[in-house]
Amino acid sequence: MARGFFITFEGGEGAGKSTQIGQLAHKLRDKRYPVVVTREPGGSPGAEAIRHVILSGAAEPFGPQMEALLFAAARCDHVEQLIRPALRRGKIVLCDRFVDSSRVYQGMAGNVDAAMLAEIERISVNGVMPDMTLIFDIDPEEGLRRAAARRGDDQPDRFEKETLAVHKRRRQAFLDIARKEPKRCTVIDASADAETVENAVTAAVFAALEARSHADHEAVQGA
Ligand code: TYD
């Protein structure tokens, strides 16, 4: 039976996630792994429609609960339309942001009630949780500098425009998740140069894939 592997990439603004996801996808494909690259909010037609509503700031006046529900609605569509089917076909799914972003942006740093967030998380993922999460950690001042350089003359989006204090709380919130869930989460020092970060990502992911194939082998032997 095919069994995929679900990896999510999390962290603050300007941490270089998308570049690293691209490089990793390349390396995995070189080794003949079947890879699907996706992102949140978005990743499926329904979720992409919601993405625009959220990131433009159109939902902001209706409050953080409304935004949390929109992220969850987008995630629900993304999971059912793309992630679950891809994992069933044995793909490695690389997803730029997932539930930890909701926990951090809407939860710990955004004041949405934790019990409500946990409940909508449960409904939106419906059993599909990451096998592995890489948390890209960077000093928010440096991350915002990088994000601004990348953006050029465009305006910062709904979540990038928050104060430095909010970005610092988000950083701490991601590190807290990594501390609480060490089996799932690996913290990557994203302040290093791109090649060093790439090496750290490659080492972590290939070690996890090897451990998984070892565990599968043991299970077959023991069956
Ligand atoms: P985007 O430009 O896609 O991402 P990135 O910052 O990763 O380059 O913007 C997505 C924004 O949405 C980002 O600021 C984080 C935020 N977000 C949440 O607040 N909650 C969520 O559940 C998700 C998935 C993203």
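Given the structure is predicted, the values throughout are model-derived calculations rather than measurements. Note that residues are indexed from 1 along each chain, following the sequence as it is written. It should be noted that, the model being predicted, local features are given only for residues of pLDDT at least 70 and side-chain atom pairs only at 80 or more, the latter also being counted only at that level, while totals for whole chains, interfaces and linings use all residues. Just so you know, side-chain values use all the structure's heavy atoms and leave hydrogens and water out.

A. Spotlight on the site of the ligand. For each residue, the test is whether any non-hydrogen atom lies within 4 Å of the molecule or strand; if one does, the residue is near. Around the ligand lies a shell of 17 residues, among which Lys17, Arg51, Arg97, Ser102 and Gln106 are the nearest. Here a nitrogen atom of the ligand and a side-chain polar atom of glutamine 106 are 2.8 Å apart. Out of a free accessible area of 550 Å², the ligand has 91% covered by protein chains. When residues of the shell around the ligand are assigned to their parent elements, the largest contribution, four residues, is made by helix H4 (residues 99-108). Here the term charged refers only to Asp, Glu, Lys and Arg, the term nonpolar to Ala, Val, Leu, Ile, Met, Phe, Trp, Tyr, Cys and Pro, and the term polar to all other amino acids, Gly among them. Counted by class, the shell around the ligand contains five nonpolar, three polar and nine charged residues. Any N or O atom pair separated by 3.5 Å or less is treated as a polar contact, with the protein-specific requirement of one donor-capable and one acceptor-capable atom, and with residues adjacent in sequence counted only for side-chain atom pairs. Here the open area of atoms and residues is found with the Shrake-Rupley method and a 1.4 Å probe, where only the protein chains shown may cover a residue. Secondary structure elements follow DSSP: runs of H or I of four or more residues count as helices, runs of E of two or more count as strands, with numbering from the N terminus.

B. Geometry of the layout of surface pockets. Each pocket or cavity is described by its volume, and for the largest pocket that value is around 600 Å³. The way it works is a 1 Å grid over only the protein atoms, where trapped points that fit a 1.4 Å probe form a cavity and open points with protein on both sides within 12 Å along at least five of seven lines form a pocket, and then any residue with an atom within 4 Å of a point lines it. Along the wall of the largest pocket there are 29 residues; nearest its centre are Glu13, Lys17, Arg51, Arg97 and Asp157. The biggest single contributor to the lining of the largest pocket is H4, with four residues. Of the residues in the lining of the largest pocket, the class split is nine nonpolar, eight polar and 12 charged. Grid points are joined across faces, edges and corners, and a volume is the space filled by probe spheres set on the points.

C. Representation of the packing of aromatic side chains. Each Phe, Tyr or Trp ring (for Trp, its six-membered ring) is paired with any other whose centre lies within 6.5 Å, and the angle between the two planes then decides the class: stacked below 30 degrees, edge-to-face above 60, tilted in between. Under the criterion given, the structure shown has six aromatic pairs. An angle of 50° between the planes, with centres 5.6 Å apart, marks the rings of phenylalanine 71 and phenylalanine 159 as tilted. Linking phenylalanine 71 in helix H3 (residues 64-88) with phenylalanine 159 in the loop between helix H6 (140-151) and helix H7 (164-180), this pair joins segments that are 88 residues apart in sequence. Each member of the pair, phenylalanine 71 together with phenylalanine 159, is buried. Judged by centre distance (6.3 Å) and plane angle (70°), the rings of tyrosine 105 and phenylalanine 174 are edge-to-face. Residue tyrosine 105 is located in helix H4, and its partner phenylalanine 174 is located in helix H7; the two are separated by 69 residues in the primary sequence. Think of it in three bands: residues with accessible area under 20% of the maximum for their type are buried, residues over 50% are exposed, and the middle band is partly exposed, with areas taken using a 1.4 Å probe on protein chains only.

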